[in-house]
Amino acid sequence: MIEIAENKCDFCGCCVGVCPVNCIDLKEAEISIVHDVCIDCDICVYICPIEVLNQTESEKTAPQAA
């Protein structure tokens with residue numbers, strides 16, 4: 001799952017432009033990700049010039065407890 005670092009985004013829109021499924025929403029001074037649509041491709045993480053976006057372990061890929 002992609003996580004957004006609080007109070008770090010400068011709202012440049014680089015991530016919005018590269019998202020293949022258009023799941024990043026940028027409105028005025030607020031950014032959000034529609035996680036139900038996100039395919040965790042990490043393109044936005046790599047393109048962000050100030051490292052606002054980070055990949056965290058999602059529930060889908062988390063190891064199951066034995």
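Coordinates for the structure precede this section.
Note that the structure is a prediction, hence the values are computed from the model and not measured. (Residues numbered from 1 in each chain as written. Predicted model: local features only at pLDDT ≥ 70, side-chain atom pairs only at ≥ 80, totals over all residues. Heavy atoms only, no water.)

Looking now at the nonpolar core. Ile2, Cys15, Cys23, Ile24, Ile33, Cys44 and Leu53 are the most contacted members of the largest nonpolar core, which totals 14 residues. Counting residues per element, the ones that place at least two in this core are strand E3 (30-33) and helix H2 (43-47). With residues up to four places along the chain from it excluded, the contact list for Cys23 reads Ser32, Ile33, Val34, Val37 and Cys38. (Core = buried A, V, L, I, M, F, W, Y, C linked by side-chain atoms within 4.5 Å. Buried < 20%, exposed > 50% of the residue type's maximum accessible area, 1.4 Å probe, protein only. Helix = DSSP H or I, 4+ residues; strand = E, 2+ residues; numbered from the N terminus. Contact = heavy atoms within 4.5 Å.)

Here we take up the side chain of Asp42. With respect to the helices and strands, Asp42 occurs in the loop between E3 and H2. Beyond its immediate stretch of four places on either side in the chain, Asp42 contacts Ile2 and Gln55.

The next thing to look at is the pairing of strand E2 (residues 24-27). The pairing of E2 with E3 spans 4 bridges and is classified as antiparallel. Along E3, the bridge assignment pairs Lys27 with Glu30. Two successive antiparallel strands, E2 and E3, enclose a turn made up of 2 residues, where Glu28 displays a positive phi of approximately 45°. (Pairing = 2+ DSSP bridges.)

What follows is about the pattern of salt bridges. Tallying each qualifying case throughout the model produces 1 salt bridge. The partner of Asp25 in a salt bridge is Lys27, and the shortest N-O contact between them spans 3.7 Å. (Salt bridge = Lys/Arg side-chain N within 4 Å of Asp/Glu carboxyl O.)

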